[in-house]
Amino acid sequence: MARKLPRKDVVIVGLGWTGAILAHELTDAGLDVVAIERGPWRDTATDFNIGYMQDELRYAVRKDLFLQPAQEAMTMRNNTSQTALPMRDYGSFLPGTGVGGAGVHWNGHTWRFWQSDFQTKSHLTQRYGEARLADLQVQDWGVTADEMESAYDRFEYLCGISGKAGNLGGKIQDGGNPFEDPRKRDYPLPPMQMTYGPTLFAQAAKSIGYHPFPTPAANLSKPYVNPLGISMGQCTMCGFCERFACANYSKSSAQTTILPVLMRKSNFEARCNSEVLHVNLDAAGKMAKGVVYIDQNGEELEQPADLVLLCAYGLHNARLMMLSKIGRIYDPQSGEGTVGRNYCYQTNAGIQLFFEDKNFNPFIASGACGQTMDDFNGDAFDHGPLDFVGGSGINCIPTNGRPIGTRPVPPGTPRWGSAWKKATKDHYLSSLGFSAQGSSYAARGNYLDLDPTYKDRYGRPLLRVTFDFPDNDIRMSHWVSDRMVEIAKAMKPKQYVEGRRNKSWNSVPYQSTHNTGGAIMGADPKTSAVNKYLQSWDVPNVFVIGASAFPQNAGKNPTGTVGALAFHAADAIRNQYLRNPGAALVQA
Amino acid sequence: MASTRRHFLASVAAFSFIAIASRGHAQTISRALPWHPFAGEPPQPSLAGWYFFNPDEARAIEAIVDRLIPADDLSAGGKDAGCAAFIDRQLAGSYGDSARLYTAGPFMKGTPTQGYQGEATPAMRYRAGLAAVDAYLRKSKSKAFAELSAQEQDDFLKSLEAGKVDLGAVDGKSLFNLILQNTMEGFFADPIYGGNRDMVSWKMIGFPGARYDYRDHVTKHNQPYPHGPVSIAGSPEWSRKS
Ligand SMILES: Cc1cc2nc3c(=O)[nH]c(=O)nc-3n(C[C@H](O)[C@H](O)[C@H](O)COP(=O)(O)OP(=O)(O)OC[C@H]3O[C@@H](n4cnc5c(N)ncnc54)[C@H](O)[C@@H]3O)c2cc1C
Ligand code: SF4
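As the structure is a computational prediction, the values presented were derived from the model and not from experiment.

The rules behind these values
- Residues numbered from 1 in each chain as written.
- Chains lettered and ligands numbered in written order.
- Predicted model: local features only at pLDDT ≥ 70, side-chain atom pairs only at ≥ 80, totals over all residues.
- Heavy atoms only, no water.
- Helix = DSSP H or I, 4+ residues; strand = E, 2+ residues; numbered from the N terminus.
- Buried < 20%, exposed > 50% of the residue type's maximum accessible area, 1.4 Å probe, protein only.
- Contact = heavy atoms within 4.5 Å.
- Areas by Shrake-Rupley, 256 points an atom, 1.4 Å probe, with all protein chains shown as cover.
- Pairing = 2+ DSSP bridges.
- Axes fitted to C-alpha atoms, helices over the stretch in contact; angles between N-to-C directions.
- Salt bridge = Lys/Arg side-chain N within 4 Å of Asp/Glu carboxyl O.
- Buried area = accessible area lost by both parts, 1.4 Å probe.
- Polar contact = N/O pair within 3.5 Å; in protein donor to acceptor, adjacent residues only side chain to side chain.
- Domains from an automatic or database assignment.
- Near = heavy atom within 4 Å.
- Nonpolar A, V, L, I, M, F, W, Y, C, P; charged D, E, K, R; others polar.
- Parallel < 35°, antiparallel > 145°, perpendicular 65-115°, else oblique.
- pLDDT = per-residue confidence, 0-100.
- Phe/Tyr/Trp six-rings, centres within 6.5 Å; stacked < 30°, edge-to-face > 60°.
- Lys NZ or Arg CZ within 6 Å of the ring centre and 35° of its normal.

Draft legend 1. Spotlight on the overall build of chain B. For chain B, the count of helices and strands is eight helices and one strand. The helix and strand sequence of chain B, counted from the amino end, reads α-β-α-α-α-α-α-α-α. When the 242 residues of chain B are sorted by exposure, 50% land in the buried category. Put simply, 61% of the contacts in chain B that link residues at least 6 apart link residues at least 24 apart. Accessible surface, chain B: about 11,100 Å² in total, of which carbon and sulfur atoms supply 56%.

Draft legend 2. Just the sheet that holds strand E16 (residues 371–373) of chain A, in detail. All names here are of chain A. One open sheet holds the six strands; their spatial order is E8-E16-E17-E18-E15-E21, and the pairing between them is antiparallel. Each end of this open sheet is capped by a strand with a single partner; those strands are strand E8 (213–214) and strand E21 (495–499). As paired strands, strand E15 (residues 347–354) and E21 are joined by five bridges and run antiparallel to one another. When the bridges of E21 are listed, Gln352 appears paired with Val497. Across the sheet, helix H7 (residues 196–207) touches E16, strand E17 (392–396) and strand E18 (431–438), and the angle it forms with E16 is around 25°.

Draft legend 3. Spotlight on the pattern of salt bridges. All names here are of chain A. Within the structure shown, the criterion is met by 47 salt bridges over all chains. The salt bridge involving Glu72 is made with Arg38; its shortest N-O contact spans 2.9 Å. Placement of Glu72 in the loop between helix H3 (56–61) and strand E4 (74–77) and of Arg38 in the loop between strand E3 (33–36) and helix H2 (44–47) is noted, with a sequence separation of 34 residues between them. By the burial criterion, Glu72 is buried, and Arg38 matches it. Between Arg460 and Glu275 there is a salt bridge, with its nearest N and O atoms 3.5 Å apart.

Draft legend 4. Structural context of the interface of chain B and chain A. Listed by partner, the interface residues are 86 residues for chain B and 96 residues for chain A. Taken together, both faces of the contact between chain B and chain A bury some 7,500 Å²; the carbon and sulfur share is 58%. Summed over the three residues of chain B that lose the most area to chain A, namely Gln27, Tyr102 and Tyr212 of chain B, the buried surface amounts to 14% of that side. Counting every contact that joins chain B to chain A gives four salt bridges. Between Lys421 of chain A and Asp72 of chain B there is a salt bridge, and its shortest N-O distance comes to 2.9 Å. Applying the counting criterion to the chain B and chain A interface returns 42 residue pairs in polar contact (both at pLDDT 80 or more). At eight residues, the largest contribution of residues to the side of chain B that touches chain A is made by helix H6 (residues 172–188) of chain B. Bridging between strand E11 (residues 268–271) of chain A and strand E1 (residues 28–30) of chain B involves three bridges; their strand directions are antiparallel. What sits directly across from Arg271 of chain A, in E1 of chain B, is Thr28 of chain B.

Draft legend 5. Quick peek at the pairing of E17 of chain A. Counting buried residues along E17 of chain A, five of its five residues qualify, which places the element largely inside the surrounding structure. Of the two faces of E17 of chain A, the one holding Ser392, Ile394 and Cys396 of chain A and the one holding Gly393 and Asn395 of chain A are both buried throughout.

Draft legend 6. Quick look at the domain arrangement of chain B. Taken as a whole, chain B is organised into domain 1 (55–205) and domain 2 (207–242). For domain 1 of chain B and domain 2 of chain B, the distance between their C-alpha centres works out to 29 Å.

Draft legend 7. The side chain of Asn107 of chain A, seen in detail. Residues and elements named next belong to chain A. Inspection of the secondary structure assignment puts Asn107 in the loop between strand E5 (85–86) and helix H4 (115–118). Asn107 gets classed as buried once you look at its relative accessible area, which sits at 12%. There is a polar contact of 3.2 Å between the side chain of Asn107 and the side chain of Glu242. Setting aside chain neighbours within four positions, we find Asn107 in contact with Asn219, Cys241, Glu242, Lys251, Gly367, Ala368 and Thr399.

Draft legend 8. Spotlight on the site of ligand 1. All names here are of chain A. Around ligand 1, a shell composed of 37 residues is seen, among which Thr18, Glu37, Gly98, His109 and Thr559 lie nearest. Between a nitrogen atom of ligand 1 and a main-chain N or O atom of Arg38, the distance comes to 3.0 Å. Contact between ligand 1 and Pro558: an oxygen atom at 3.4 Å from a main-chain N or O atom of the residue. Notes on ligand 1: free accessible area 1,000 Å², of which the protein chains cover 99%. Those elements that provide at least two residues to the shell around ligand 1 are helix H1 (17–28), strand E12 (275–281) and helix H10 (314–324). Looking at the shell around ligand 1 residue by residue, the class counts come to 14 nonpolar, 19 polar and four charged.

Draft legend 9. Structural detail: the packing of helix H2 (residues 55–68) of chain B against helix H5 (residues 150–161) of chain B. Residues and elements named next belong to chain B. Where H2 meets H5, the axes come as close as 10 Å, and the angle between the chain directions of the two elements is 85°. Relative to H5, the element H2 is oriented roughly perpendicular. Contacts from Ala63, Ile64, Arg67 and Leu68 of H2 reach H5 at Ala150, Gln153, Asp154 and Leu157. Within the contact of H2 with H5, the residues separate by chemical class into five nonpolar, one polar and two charged.

Draft legend 10. Spatial organisation of the confidence of the model for chain A. When the pLDDT values of chain A are averaged, the result is 98; 100% of them are 70 or greater. For chain A, H2 of chain A is the element with the lowest average pLDDT, namely 91, and strand E22 (residues 542–544) of chain A is the one with the highest, namely 99.

Draft legend 11. Quick peek at the sheet that holds E5 of chain A. Residues and elements named next belong to chain A. What the four strands build is an open sheet, ordered E5-E4-E20-E19; its pairing is mixed. On the outer flanks of this sheet lie E5 and strand E19 (447–455), each paired with one strand and no other. Each of E4, E19 and strand E20 (461–466) touches H10; the most contacted strand, E19, lies at about 70° to it.

Draft legend 12. Layout of the packing of aromatic side chains. Considering all chains together, one arrives at 45 aromatic pairs over all chains under this definition. With a centroid separation of 5.0 Å and an interplanar angle of 55°, the aromatic rings of Phe201 of chain A and Phe434 of chain A are classed as tilted. With a gap of 233 residues between them, Phe201 of chain A in helix H7 and Phe434 of chain A in strand E18 connect regions that are remote in the sequence. For the pair shown, Phe201 of chain A and Phe434 of chain A are each scored as buried. Through successive ring pairs, a cluster of aromatic residues spans Tyr59, Phe240, Phe244 and Phe363 of chain A together with Trp202, Phe207, Tyr214 and Tyr225 of chain B. Over the aromatic face of Tyr157 of chain A sits the side chain of Arg185 of chain A, whose NZ or CZ is 3.5 Å from the ring centroid.

Right, dumping it as structure tokens:
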């Protein structure tokens, strides 16, 4: 039996990006909050050491900061006819662990989704007709871009995002993204200084009539003091960004934007190295009583609380709901059940260019310093004559020149020996890649549930991921790849090599840690697990915060929207829920 | 958990260090931003000697890495660059025994999209693999790998890479891929792990290593970066090991 601890107002599962935002907001509202975090305490001064953070083997290859499969693995298969097997090492995506979560080692591309993304189903149906969506299970989010604007703004100002507005109050701005929805004010910081590769990419894209702009970056172009009064430094373009923590206080994360203030509050407590096993429900299964967790000494503890917030990262949120019996697990055969529904990912493709006369100094880079064009993203372009919906942002964001992972050579080069060595040396400084980050639209057969065979170290079933790229998304990706070839040719390389997206989803090579869905938001409890405020339809004193709420994914990195949803949910809790605790904010 | 977070060779000194570090990591934190001096986990420099390989294996792996990365006018060879020593340290640590991976059964053959599903750890694969290579060559050529001529070694490695060598229970092609992957890791990783001695690979390709601040060169487009590499341990003199 678990030892019972004194009650708290709020228990937060996971102290990553969303957990830190919710903890800050709810302690400000005067609540007594405890966050329980599976991994260790981590902070810049101690753990992200400028003397040894720049260690590719340790952090990028052996993945020192990430969740280790020994602690929690997942199984995967491409469709229901296969037997899912455990990903014995994480590859395609790399979940975080420890204080700060995946926000510690992200790149920092920070996007807003558009009105046409929030209304994917109704917008696309209206524009192209229902038949176009026949093979998909896309849905509306239940919120509008207008409702989300101030929440996006707060996340961007919390972080100190470096960027250039493209649409200020309806007026298109030179040098920004002309396809974005109106924003009320510009980014808090100007764009980063541009490196050579993205500069050439932008010139080429412009020369064919496209609209490149500096990628909005959570790598700071200038020193910044955020609204909480926390100081951050200028990014030094160190080239050890994604997969690494920042030793310069220049990459926005819970550590650099929230924790220095949050940790000093007397009504907040963080418990680290403590893994939540499940949410405790009352006998009727209608209200949560708190959570049960195992601390670092192996003791099982019960933390009672009036309000439970799942902030454990989308995939883990979905699993915790299943293990806690909150809502019903989705069944792809009947289409019934909502937890695990509409798991989506990201449909990426790339292209590599080899030059003879250029020196890109690839090691001068940051996670998000680059150029993007959204001419073929979302519904920015007319799909009328095409055979798909969705699109991709095209990104030239060279993030590093770390040589274990980044040494492009042309196809046909031997993998070893003197010829390999010569080619490696010849192309290291003079090649450049760019990529398409594509939307991932929900399909009936892509979902999450619990694995029937494989267990974690506490004997609980692993999460099972059943996923393959829908045909629609493959067609979309190929069409965008054709556009990338046109841009590549305009850059006049000696040679270019395409990396097209084809079936099936492979769990081995890294693609992105942009796992969405599984506890999606919406207006109908039959097809969504949480309402538009991320409150569980089934257990109203549980909120589920993260990309698990996305009904499908856009051609953009998720965290701008995840952070905005965190503020959106915090507002709903502070301004509505606390007036009448335990009540549903939306009537089913 | 602390010990599984370390992938360098765990020396006695390193173990006592962990104890202090984990005592310093308070479990419950409130009203303060905790900070403890010397609480971080710096990597430990690699020491001399073999930690995993027996003498036969050491001879074989040194010969193999020296063909994968041959000495020529561009750089020293894999052996002098320390790639074999690097692999040795990795196999003796948490990489070698898959301490961080999901290693529970049942073990089943999967699809290529499901990744490696074998039961053997890297340490087990090297142990069985290098023995199988030498046994195979002793039988067919009456010589161990290290005793072959450079040309014969290259020919054998090419066949192994192409999956044309039958090593019985050992899958030759995946053994080759594992060794190649680890050799490249050793050649390009920070010298602190025993390979890339004197930052030989970084000098060759023009990677400045652990510098961490390039602000003054960001907009100097298409111009060579003027400074040579530094490693975590600093200058080449300081990082010279074993
Ligand atoms: C390599 C990489 C690059 C990325 N780059 C980008 C990018 O450029 N742009 C972008 O938008 N996004 C990016 N992301 C994604 C981004 O990091 C996540 O979207 C973001 O961190 C999600 O916030 P979260 O709060 O939902 O989860 P996290 O920040 O991961 O926090 C979740 C926390 O919950 C804890 N937890 C989980 N289960 C339990 C449990 N049972 N008990 C206790 N604690 C638990 C975890 O340990 C973790 O600390 C990247 C991610 C990775 C890994
Ligand atoms: S590139 Fe910039 S933001 Fe990223 S880790 Fe380095 S200094 Fe920090």
